[in-house]
Amino acid sequence: VLIPFKKAEPYRVERVIGWDCNELTVDGFSPESGFIHIDLKPLITVRITYHEKRRRLQRHKERKGKKKWEKYSHKEKNKCRDIERKLAAQLTGLFPNTVHGFEELDKERILRCSRKNLRKRIAKVSWRNLVREIKQRAVVEEVDPRGTSKTCSRCGFVAKDLRGRFFKCPKCGLVIDRQKNACVNIYLRMKGFPHNYDWWERNVKPLLNHELWLGLP
């Protein structure tokens, strides 16, 4: 007889990390750990590979195509889940006793508001699956995603025009990678801190050129 039970264990919070989810990466920041960069290319590669296999199958109209289609879809799902679990295990193992903050992204709304070529790329990304795997291992807090990329992480000015890889603040003159700027804003939103010039100079500026890269070999 197997009797399942749950054991409640105290979770001692030692740090808070704010994560910004992007097309090919997930970038994080905390003053204790600095900037963190997770490479999602292996995950995207699996999705593109099996998408091309199904497309060729549909083009050639092979016999027993339905069974092969289901086989490819099943393999893609299993491989993606394996990668997501390994990334989540690696992340939570390196940063124990951590609250992870993610944007509460609505993928369907993003797809509706995006251009056609961008929609195809976004459809291959599974942020929610990675967040779900991390939730099973650690504490996750989701924040409002509005303005995280357009807001200056140093002075709080909201820029209207956002182009290119770098965020350029027209008010204080800050030039910073857009993804790093967003994850600092998510961290501030989680902690409930206002934008402060002195705090940014003490806690963010010394870490700009230091980044920990994570991913699967």
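See the structure printed just above.
Definitions and limits used
- Each chain carries its own residue numbering, running from 1 in the direction its sequence is written.
- Thresholds applied to this predicted model are a pLDDT of at least 70 for local features of residues and 80 or more for the giving and counting of side-chain atom pairs; totals over whole chains, interfaces and linings are not thresholded and use all residues.
- Side-chain figures throughout are based on the complete set of non-hydrogen atoms in the structure, without hydrogens or water.
- A simple rule labels every residue: compare its accessible area, found with a 1.4 Å probe on the protein chains alone, to the largest value its type can have, and call it buried under 20%, exposed over 50%, or partly exposed in between.
- Every helix listed is a DSSP run of H or I at least four residues long, and every strand listed is a run of E at least two residues long, numbered separately from the N terminus.
- DSSP calls a pair of strands paired once it identifies at least 2 bridges connecting them.
- Classification of ring pairs rests on two measures: the distance between centres of Phe, Tyr or Trp rings, Trp counted by its six-membered ring, which must be within 6.5 Å, and the angle between planes, read as stacked under 30 degrees, edge-to-face over 60 and tilted in between.
- Only Lys NZ and Arg CZ are tested; either one counts as a charge over a ring when it is within 6 Å of the ring centre and within 35 degrees of the ring normal.
- The working definition used for a salt bridge is a side-chain nitrogen of Lys or Arg within 4 Å of a carboxyl oxygen of Asp or Glu.

Chemist: Give a description of the pairing of strand 4 (residues 98-103) that names residues and reports values.
Modeler: Across the six residues that make up strand 4, a large majority, six, are buried. Of the two faces of strand 4, both are covered, the one formed by T98, H100 and F102 as well as the one formed by V99, G101 and E103. Examined bridge by bridge, strand 1 (residues 15-21) and strand 4 share four bridges and lie parallel to one another. Within the sheet, the bridge partner assigned to I17 lies in strand 4 and is H100. Judged from the five bridges that link them, strand 4 and strand 5 (residues 139-143) form a sheet pairing that is parallel. Bridge pairing in strand 5 places G101 opposite E141.

Chemist: A description of the packing of aromatic side chains should follow, citing residues and the corresponding values.
Modeler: This model, assessed by the stated rule, comprises six aromatic pairs. Among the aromatic residues, those joined into a ring-pair cluster are F29, F35, Y187, F193 and W199. Seen from the ring of Y50, K53 lies directly overhead, with NZ or CZ sitting 4.8 Å from the centre. Of note, K180 hangs over the ring of F35, and the distance from its end group to the ring centre comes to 5.1 Å.

Chemist: Describe the pattern of salt bridges, listing the residues and the values that go with them.
Modeler: Two side chains that carry opposite charge are able to pair once their charged atoms sit near each other. Within the structure shown, the criterion is met by 13 salt bridges. Of the charged contacts in the structure, one is a salt bridge between E201 and R154, with a shortest N-O distance of 3.1 Å. Taken together, the residues E201 in helix 7 (residues 197-203) and R154 in the loop between strand 5 and strand 6 (166-168) connect sequence positions 47 residues apart. For R154, a relative accessible area of 9% gives the class buried. Residue R165 pairs with D177 through a salt bridge whose shortest N-O separation is 3.2 Å. Linking R165 in the loop between strand 5 and strand 6 with D177 in strand 7 (residues 175-177), this pair joins segments that are 12 residues apart in sequence.

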